[in-house]
Amino acid sequence: MPGDDDEEVENGLFVSLVIPEGAVAGVDSLTFQYGDDGGQEFEVLIPEGSVAGDVLRIQVGERDPTTPTSDGDSSKANAKSPKSSLLEELGGGESDKSPPIGSSKSAGNDDIEVVRLGDGTVLKLGSSQKQTQGQGDGDGTSVMVWPAGRILAETLTSNLGIEFLNDIIKKSDGDPIRCLEVGSGLGVCGLALAHALSAVDGAKPQCEVLLTDLCVNALNENIQRNPPPSPNVRVSAGSHTWGNALQFKTDEFKLIIGADLIYDSKKPFGPLLSTIYQQLDRENGVVVLAVRWRKPDLERCFFAQAEEKGLVFELWPSFVNSEFSNRCPCKLSWEEYGNPQCEASNEYFHNRKVMVDGKLLPFSGITEVDMEKMSANEYLSFEESQIQLLTGRFSDAKNRKKLRLN
């Protein structure tokens, strides 16, 4: 006697993908498009154990249960109890999963995390014993590499990032380039930045990258593990609490970077904004933040408060049209993202689909139960789809108005 799962399969809409010759299971992915107006592009990791010629059957939706099937039966319906969805509390439910794509544990050393950057460089990052045992301050989020940090690190070391850094160097007129990472954690973004600065073509001035966090044991160890390839680039670490003055600072920073800094919307944003406001070069300085949205109604306040201080944020224009757009596709502004009063935001979350246990489901309806069903790769894709890279610069009131109009 068929059960609920059999009924769901019978009512499903599927896409069949044939694994081609030469594809490596567990490494390579297949892509397909599904939906109206050219469709949305999806990427599916080839499962372990698959071989060339195998057919992957991906469920992309369900047939209308009232539509007659080939045998004329129109009585089947799949009515399940509604659950709290992503649209009701966008990203509010967090999972314990830590997706492995882009990073992995080094063989023979469970404490070393390996991260491959956009240029193929490999970073080896370890969590200091003092940090993992809680001897340092903080909430424990600094002992792993988070998806937003990985995206920013990959971007900085891609052609897009190196071109961006080259532009900063050209505007410096030969002056030293001082860069600051706030909330460094294990240092993946700051170390990636140092490697990207080393890769800039032509003569370059002295570049300094300062990694900061409450506890710097792991940062100092990871700097030793991953020295920058260029002698013109120097990396150091220092303990810093947001809102306090930097004891080891001389000049303002041309570039400030950070990833997943506003995840705890219960804490005031003032100290972080104060650090950025105090340290950023007023004339040519730029901030690059990788934001993984969780509570948009609260997190948007960070950018509104920044604008009140004359610091205007916008989507990094080159990023949203780059090779990363499939992984981080959202082009909504920070004012629009997750705003229930914004039609563009509502359309995005209703029309975007997410892979859950091999099935495509509307983004707006994803529940915590769905997140638990996701494979590691599906969960990583889900995480990355909620990440945006934004750049911030100081601007006077007149220019702020012009930027908002554009």
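All of the points below concern the structure found in this document. (Residues numbered from 1 in each chain as written. Predicted model: local features only at pLDDT ≥ 70, side-chain atom pairs only at ≥ 80, totals over all residues. Heavy atoms only, no water.)

## A closer look at the pairing of strand β10 (residues 233–239)
Each regular strand displays side chains that alternate between the two surfaces of the sheet.
Then comes step 1: Across seven bridges, strand β9 (residues 207–213) lies against β10 in parallel orientation. Note on β10: the bridge partner recorded for Leu210 is Ser236.
Then comes step 2: Taken together, β9, helix α6 (residues 217–225) and β10 form a β-α-β motif whose crossover is right-handed. (Pairing = 2+ DSSP bridges. Helix = DSSP H or I, 4+ residues; strand = E, 2+ residues; numbered from the N terminus. Right-handed = clockwise from strand over helix to strand, strands pointing away.)

## Let's talk about the nonpolar core
Then comes step 1: With 89 residues, the main nonpolar core has Leu255, Phe302 and Phe313 as its most contacted residues.
Then comes step 2: Among all residues touching Leu255, those that are not within four sequence positions of it are Phe164, Leu165, Ile168, Arg178, Cys179, Leu180, Leu193, Val286 and Val288.
Then comes step 3: Counting residues in each nonpolar core, the second largest holds 13 residues, with Val15, Ala25, Leu56 and Met355 among its members. (Core = buried A, V, L, I, M, F, W, Y, C linked by side-chain atoms within 4.5 Å. Buried < 20%, exposed > 50% of the residue type's maximum accessible area, 1.4 Å probe, protein only. Contact = heavy atoms within 4.5 Å.)

## Points about the sheet that holds strand β16 (residues 387–394)
Then comes step 1: Here seven strands make up an open sheet; going across it, the order is β10-β9-β8-β11-β12-β16-β13 and the pairing mixed. Lying at the two open borders of the sheet, with one neighbouring strand each, are β10 and β13 (311–315). Along the sheet, successive strands turn relative to each other by an average axial angle of 20°, direction set aside.
Then comes step 2: Relative to β9, strand β8 (residues 177–181) is paired through five bridges, and the arrangement is parallel. Within the sheet, the bridge partner assigned to Ile177 lies in β9 and is Cys207.
Then comes step 3: The sheet strands contacting helix α8 (residues 296–308) are β12 (286–292), β13 and β16, and the helix crosses β13 at an angle near 130°. (Axes fitted to C-alpha atoms, helices over the stretch in contact; angles between N-to-C directions.)

## With respect to the packing of helix α3 (residues 147–156) against helix α5 (residues 188–199)
Then comes step 1: At their nearest, the axes of α3 and α5 sit 8 Å apart, and the two run at 5° to each other. Here α3 is positioned roughly parallel relative to α5, judged by the angle of their axes. Facing Gly149, Leu152, Ala153 and Leu156 of α3, the residues of α5 in contact are Val188, Cys189, Ala192, Leu193 and Ala196.
Then comes step 2: Considering only residue class, the contact of α3 with α5 consists of eight nonpolar, one polar and no charged. (Parallel < 35°, antiparallel > 145°, perpendicular 65-115°, else oblique. Nonpolar A, V, L, I, M, F, W, Y, C, P; charged D, E, K, R; others polar.)

## Considerations on the pattern of salt bridges
Then comes step 1: Inspection of every chain in the model, using the stated rule, returns eleven salt bridges.
Then comes step 2: In this structure, Glu252 and Arg282 form a salt bridge, with 4.0 Å as the shortest nitrogen-oxygen distance. Placement of the pair is Glu252 in the loop between β10 and β11 (255–259) and Arg282 in the loop between α7 (270–279) and β12, with a sequence separation of 30 residues.
Then comes step 3: With its nearest N and O atoms 2.7 Å apart, the salt bridge here joins Asp260 to Arg294. (Salt bridge = Lys/Arg side-chain N within 4 Å of Asp/Glu carboxyl O.)

## Notes on the environment of Leu390
Then comes step 1: Inspection of the secondary structure assignment puts Leu390 in strand β16.
Then comes step 2: When its relative accessible area of 0% is taken as the criterion, Leu390 is described as buried.
Then comes step 3: Measuring from C-alpha to C-alpha, the distance between Leu390 and Val312 comes to 9.9 Å, with 78 residues separating the pair along the chain.
Then comes step 4: If we ignore the near neighbours within four places in the chain, the residues touching Leu390 are Val287, Val288, Leu289, Val291, Phe303, Phe313, Glu314, Leu315, Trp316 and Trp334.

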